Amino acid sequence: MDMQEYQGRIKGVLITKEEIRRRIAEVGAEISKEYEGKPLLLVSVLKGAFVFMADFCRAVTVPCEIGFMRVRSYFDSTVSSGEVEILMDLDQDISNYHVVLVEDIVDTGRTLSLLVERLKQRNPLSLEVVTLLDKPDRRVVDFQADRVLFTIEDRFVIGYGLDCGELFRNLPDIAEYDVDYAAEVTV
Ligand code: 5GP
């Protein structure tokens, strides 16, 4: 599927695959330097971060293991905190690893702050969060990723693993979804 088939459904490309590749090389080099000689586990949360993880782990040039999780988060508007349910867990004990959580996007920050809390209870040697995208304007809890590849405005984005109704994950660039599209096609 190429970009042509997405025309009309996206407002435009926000971040090209070349820009993504450049930033991944930079941050991959930082991580490689930081964790050289240390037991390193890269963990990502499915499904949104799978494309980023695939490219990011290949920019890490020191030995590392890879793990995946799936989570579902619940939030009640009457309480500030929510709950995160682990649908698929890591298959290793993380207490002997430096863990780098490789995420797609920090939006309200609620999912990641809960997940980080849960993972810290498992006593990793250290834990840091690398996120592809950050939307600081949308934050409702105090959460800051340790490394951010791109900071973006409050837009709903798709592509490079990010979906809208499970579609668009295979788009190679990061694009802004046209929220009016669904309304138009049902008229
Ligand atoms: P948070 O708990 O930070 O609000 O939720 C983060 C999750 O919301 C992300 O992992 C992602 O699944 C979803 N999300 C937030 N913003 C966007 C966006 O612009 N596009 C897409 N496709 N998903 C988003």
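Above this text you will find the structure in question.
Residues numbered from 1 in each chain as written. Predicted model: local features only at pLDDT ≥ 70, side-chain atom pairs only at ≥ 80, totals over all residues. Heavy atoms only, no water.

Thoughts on the site of the ligand
Counted only if it meets this: Whether a residue is near a molecule or strand is decided by its heavy atoms; if any one of them lies within 4 Å of it, the residue is near. Here a polar contact is taken to be a pair of N or O atoms separated by no more than 3.5 Å, where protein atoms must pair a possible hydrogen donor with a possible acceptor and residues adjacent in sequence count only if both atoms sit in side chains. Points on a 1 Å grid over protein atoms alone make up a cavity when a 1.4 Å probe fits among them but cannot get out, and a pocket when they form an open set with protein on both sides within 12 Å along at least five of seven lines; lining residues each have an atom within 4 Å of a point. Pocket or cavity membership: a molecule qualifies when more than half of its atoms sit within 2 Å of the grid points of that site. Here a helix means four or more residues in a row that DSSP labels H or I, a strand means two or more in a row labelled E, and each is numbered from the N terminus.
Neighbouring the ligand are 13 residues; Thr108, Thr111, Lys135, Val157 and Asp163 lie closest to it. Contact between the ligand and Thr108: an oxygen atom at 2.5 Å from a side-chain N or O atom of the residue. More than half of the atoms of the ligand fall within 2 Å of the grid points belonging to the largest pocket. The set of elements that each furnish at least two residues to the shell around the ligand consists of strand 5 (98-106) and helix 3 (110-120).

Here's the deal with helix 2 (residues 50-59)
Because each turn of an α-helix spans 3.6 residues, side chains separated by three or four positions end up pointing in the same direction. Put simply, the test is: For every residue, the accessible area obtained with a 1.4 Å probe (protein chains only) is divided by the maximum for its type, and the residue is called buried under 20%, exposed over 50%, and partly exposed between those limits. Note on definitions: a residue-residue contact is assigned when non-hydrogen atoms from the two residues lie within 4.5 Å.
Looking at helix 2, one finds that the buried residues are Val51, Phe52, Met53, Phe56 and Ala59. On its buried face, helix 2 sits against helix 1 (17-34), strand 2 (40-46), strand 3 (65-75), strand 5, strand 6 (126-134) and strand 7 (147-151).

So, the side chain of Ser44
Within the fold, Ser44 resides in strand 2. Those residues within four positions of Ser44 in sequence are excluded, and the remaining contacts are Ala49, Met53, Gly67, Phe68, Met69 and Val102.

A look at the pattern of salt bridges
Rules: A pair is scored as a salt bridge if a Lys or Arg side-chain nitrogen falls within 4 Å of a carboxyl oxygen belonging to Asp or Glu.
By the definition in use, this model includes 18 salt bridges. For the salt bridge of Asp55 with Arg58, the shortest nitrogen-to-oxygen distance reads 3.0 Å. Residue Asp55 and its partner Arg58 are both found in helix 2; the two are separated by 3 residues, about one turn of the helix. Accessibility expressed as a relative area gives 29% for Asp55, which makes it partly exposed. The salt bridge involving Glu176 is made with Arg155; its shortest N-O contact spans 3.7 Å. A residue pair is termed long-range when its members are at least 10 positions apart, and Glu176 in strand 9 (residues 174-177) and Arg155 in the loop between strand 7 and strand 8 (157-158) qualify at 21 residues. A cluster of three or more residues bridged by salt bridges with shared partners is formed by Lys11, Glu153, Arg155 and Glu176.

A few points about the sheet that holds strand 2
Rules: If DSSP finds at least two bridges between two strands, the strands pair. Lines fitted to the C-alpha atoms define the axes, with helices restricted to the stretch that makes contact. Angles between their N-to-C directions range from 0 to 180 degrees.
Spatially, 6 strands are ordered 4-3-2-5-6-7 in an open sheet, and the strand pairing comes out mixed. Every other strand in the sheet has two partners, leaving strand 4 (82-88) and strand 7 as the edge strands with one partner each. With direction set aside, neighbouring strand axes in the sheet form an average angle of 25 degrees. With 8 bridges connecting them, strand 5 and strand 6 associate as parallel partners. Its bridge partner lying in strand 6, Val99 is registered against Leu127.

Things to note about the packing of helix 1 against helix 2
Counted only if it meets this: Oblique is the label for every angle not falling under 35 degrees (roughly parallel), over 145 degrees (roughly antiparallel), or within 65 to 115 degrees (roughly perpendicular). Crossing handedness is defined as follows: a turn of the near helix away from the far one that is anticlockwise and smaller than a right angle gives a left-handed crossing, while the clockwise case is right-handed. Any residue that is not Ala, Val, Leu, Ile, Met, Phe, Trp, Tyr, Cys, Pro, Asp, Glu, Lys or Arg is counted as polar, Gly included; the first ten are nonpolar and the last four charged.
Axis separation between helix 1 and helix 2 bottoms out at 8 Å; the angle between their running directions is 55 degrees. As the angle between them shows, helix 1 and helix 2 are arranged oblique. Taken as a pair, helix 1 and helix 2 cross one another with a handedness that is right-handed. Taking contact as the criterion, the partners of Ile24, Ala25, Val27, Gly28, Ala29, Ile31 and Ser32 in helix 1 are, on helix 2, Phe52, Asp55, Phe56 and Ala59. A breakdown of the residues in the contact of helix 1 with helix 2 according to their chemical character gives 8 nonpolar, 2 polar and 1 charged.

Re unusual backbone geometry
Along the chain, Leu46 connects to Lys47 via a cis peptide bond; the corresponding omega equals 0 degrees. Structurally, the position occupied by Lys47 is in the loop between strand 2 and helix 2. For Tyr160, which is not a glycine, the phi torsion comes out positive at approximately 50 degrees. A residue is classified by how much of its surface remains accessible, and Tyr160, at 5% relative accessible area, is buried.

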